[in-house]
Amino acid sequence: MDLTLVRNATLLVEMGGRRLLVDPSLDPAGARPPIENTADPRPNPLVDLPRPPDDIVARLDAVLVTHLHADHLDEMATALLEPRVPLACQPPDEPVLGGRGFTDVRPVAGGIDLCGIGVARIGGRHGTGAIGERMGPVSGFVLRAPGEPGLYVAGDTIWCDEVEDALAEHAPAIVVVNAGAARFLEGDPIIMDADDVIETARAAPRATLVAVHLEALNHCPLTRAELRAAVDAAGVGARMLIPADGETLRL
């Protein structure tokens, strides 16, 4: 399996002879306004793509969208993606994606076959309390293909019962966590912070973790260097990969 971090949570997954694009956010740097009510109001994305967007969407077999926030599916991606590409999503997002012009939307309630890749949906929590409720539903997905390690893309979630249960039930060999500690001026983080990543690693002692969703949005304060220091101090750093934008991992 080859796993390429494009930027933020956008991933290219090559497994089972298929090429899958996860959470395509392809806007150029500064195309969107800062996320409001945050400590560092800079336009998003903070950094450019590591390669031209046309290259990223070329030769795709399928697309997977964990939820509809703009840093997981933006206007540039919607314009560039082939409308007929098989697109898997969580069930509430099906009508919205159809309204954006996609003609082969495949909602995942439990599990589906996506062009030869098995896809099982996992719940998540996009924060705590009232803020978490306002962020709307989110999902993670476990991907499997013959001869490949199981891959769990946790999506925009904090450490929670749903993540713990998914690790116990599916025992994925690779776990991708969105780890930028995104937050607003009030409330708790709405995706994993360093402590959540450490909890995830301890709950999956045989898995390799891949940390993404770092250093690309104005409300994600956790840096790669800070996360590396935290996981090393906690004794789980040997199983933690923190790729740079554009880096491909052979797993």
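Placed above this text is the structure.
Please read all numbers here as calculations on a predicted model, not as lab measurements.

Analysis parameters
Residues numbered from 1 in each chain as written. Predicted model: local features only at pLDDT ≥ 70, side-chain atom pairs only at ≥ 80, totals over all residues. Heavy atoms only, no water. Buried < 20%, exposed > 50% of the residue type's maximum accessible area, 1.4 Å probe, protein only. Helix = DSSP H or I, 4+ residues; strand = E, 2+ residues; numbered from the N terminus. Right-handed = clockwise from strand over helix to strand, strands pointing away. Pairing = 2+ DSSP bridges. Arc of directions from axis to C-beta. Contact = heavy atoms within 4.5 Å. Polar contact = N/O pair within 3.5 Å; in protein donor to acceptor, adjacent residues only side chain to side chain. Axes fitted to C-alpha atoms, helices over the stretch in contact; angles between N-to-C directions. Parallel < 35°, antiparallel > 145°, perpendicular 65-115°, else oblique. Left-handed = near helix turned anticlockwise from the far one by under 90°. Nonpolar A, V, L, I, M, F, W, Y, C, P; charged D, E, K, R; others polar. Salt bridge = Lys/Arg side-chain N within 4 Å of Asp/Glu carboxyl O. Disulfide = S-S within 2.5 Å.

1. Quick look at the pairing of strand β12 (residues 208–212)
Thinking step 1. Within β12, four of the five residues are buried, leaving the element largely enclosed by the surrounding structure.
Thinking step 2. Between the parallel elements strand β11 (residues 174–178) and β12, the chain passes through helix α6 (residues 194–203) in a crossover that is right-handed.
Thinking step 3. Relative to strand β13 (residues 240–241), β12 runs parallel, the two being bridged by two bridges. Bridge pairing in β13 places Val-210 opposite Leu-241.
Thinking step 4. Chirality of the crossover, the property in question, places the unit of β12, helix α7 (residues 224–233) and β13 among those that are right-handed.

2. With respect to α7
Thinking step 1. Looking at α7, one finds that the buried residues are Arg-224, Leu-227 and Val-231. Buried residues of α7, viewed axially, fall in a sector of 65°; they line one side. Of the exposed residues in α7, the ones pointing more than 90 degrees away from its buried face are Ala-225 and Ala-233.
Thinking step 2. Within two residues after α7, Gly-235 carries a phi angle of roughly 85°, on the positive side.

3. A few points about the environment of Asp-40
Thinking step 1. Looking at the secondary structure, you find Asp-40 in the loop between β3 (18–22) and α1 (53–56).
Thinking step 2. Residue class for Asp-40 comes out partly exposed when judged on its relative accessible area of 29%.
Thinking step 3. Residues Asp-40 and Leu-143, 103 residues apart in the sequence, show an inter-C-alpha distance of 35 Å.

4. As for α6
Thinking step 1. Listed as buried for α6 are Ala-194, Asp-196, Val-197, Ile-198, Thr-200 and Ala-201.
Thinking step 2. For α6, the elements touching its buried residues are α5 (161–170), β11, β12, α7 and β13.
Thinking step 3. Between the side-chain oxygen of the N-cap and the backbone nitrogen of Asp-195 there are 3.2 Å, and the N-cap of α6 in question is Asp-193.

5. Some thoughts on the packing of α6 against α7
Thinking step 1. Relative orientation of the contacting elements α6 and α7 amounts to 45°, with a least axis distance of 10 Å. In terms of axis orientation, α6 runs oblique to α7. Here α6 runs over α7; the crossing is right-handed. When α6 is examined against α7, the residues Ala-194, Val-197 and Ile-198 are found in contact with a partner set consisting of Leu-227, Ala-230 and Val-231.
Thinking step 2. Grouping the amino acids of the contact of α6 with α7 by side-chain chemistry returns six nonpolar, no polar and no charged.

6. Some thoughts on the pattern of salt bridges
Thinking step 1. Tallying each qualifying case throughout the model produces 13 salt bridges.
Thinking step 2. Salt-bridge contacts for Arg-125 lead to Asp-161; the nearest nitrogen and oxygen are separated by 3.9 Å. Taken together, the residues Arg-125 in the loop between β8 (117–123) and α4 (129–134) and Asp-161 in helix α5 connect sequence positions 36 residues apart.
Thinking step 3. Arg-125 gets classed as partly exposed once you look at its relative accessible area, which sits at 36%.
Thinking step 4. Residue Glu-215 is joined to Arg-224 by a salt bridge in which the shortest nitrogen-to-oxygen separation is 2.9 Å.
Thinking step 5. Glu-215 sits in the partly exposed class, given a relative accessible area of 32%.
Thinking step 6. By relative accessible area, which is 17% here, Arg-224 ends up buried.
Thinking step 7. Bridged by salt links that share partners, the residues Asp-27, Arg-32 and Asp-74 form one connected network.

7. Details of the sheet that holds β8
Thinking step 1. An order of β7-β8-β9-β10-β11-β12-β13 is seen for the seven strands of this open sheet, with the pairing classed as mixed. With partners counted over all chains shown, the strands left at the sheet margins are β7 (111–114) and β13, one partner each.
Thinking step 2. Note: β7 against β8, four bridges, orientation antiparallel. Counted as the bridge partner of Asp-113 is Gly-118 from β8.

8. Points about the state of the cysteines
Two cysteines whose sulfur atoms are joined by a covalent bond form what is called a disulfide.
Thinking step 1. As enumerated under the stated definition, the model contains zero disulfides in all.
Thinking step 2. Note on Cys-115: no disulfide assigned, nearest cysteine sulfur contributed by Cys-89 at a separation of 14 Å.
Thinking step 3. Among the residues examined, Cys-115 registers a relative accessible area of 21% and is labelled partly exposed.
Thinking step 4. Cys-160 provides the cysteine sulfur closest to Cys-220, a residue in no disulfide bond, and the two sulfurs are 17 Å apart.

9. Points about the sheet that holds strand β6 (residues 105–107)
Thinking step 1. What the seven strands build is an open sheet, ordered β6-β5-β4-β3-β2-β1-β14; its pairing is mixed. Strands with a single pairing partner mark the edges of an open sheet, and in this sheet they are β6 and β14 (248–250). Neighbour-to-neighbour, the strand axes of the sheet open up by a mean angle of 20°, direction not taken into account.
Thinking step 2. Sheet topology places strand β1 (residues 2–7) next to β14; three bridges connect them, and they run antiparallel. Across the sheet, the residue bridging to Asp-2 is Arg-250, located in β14.

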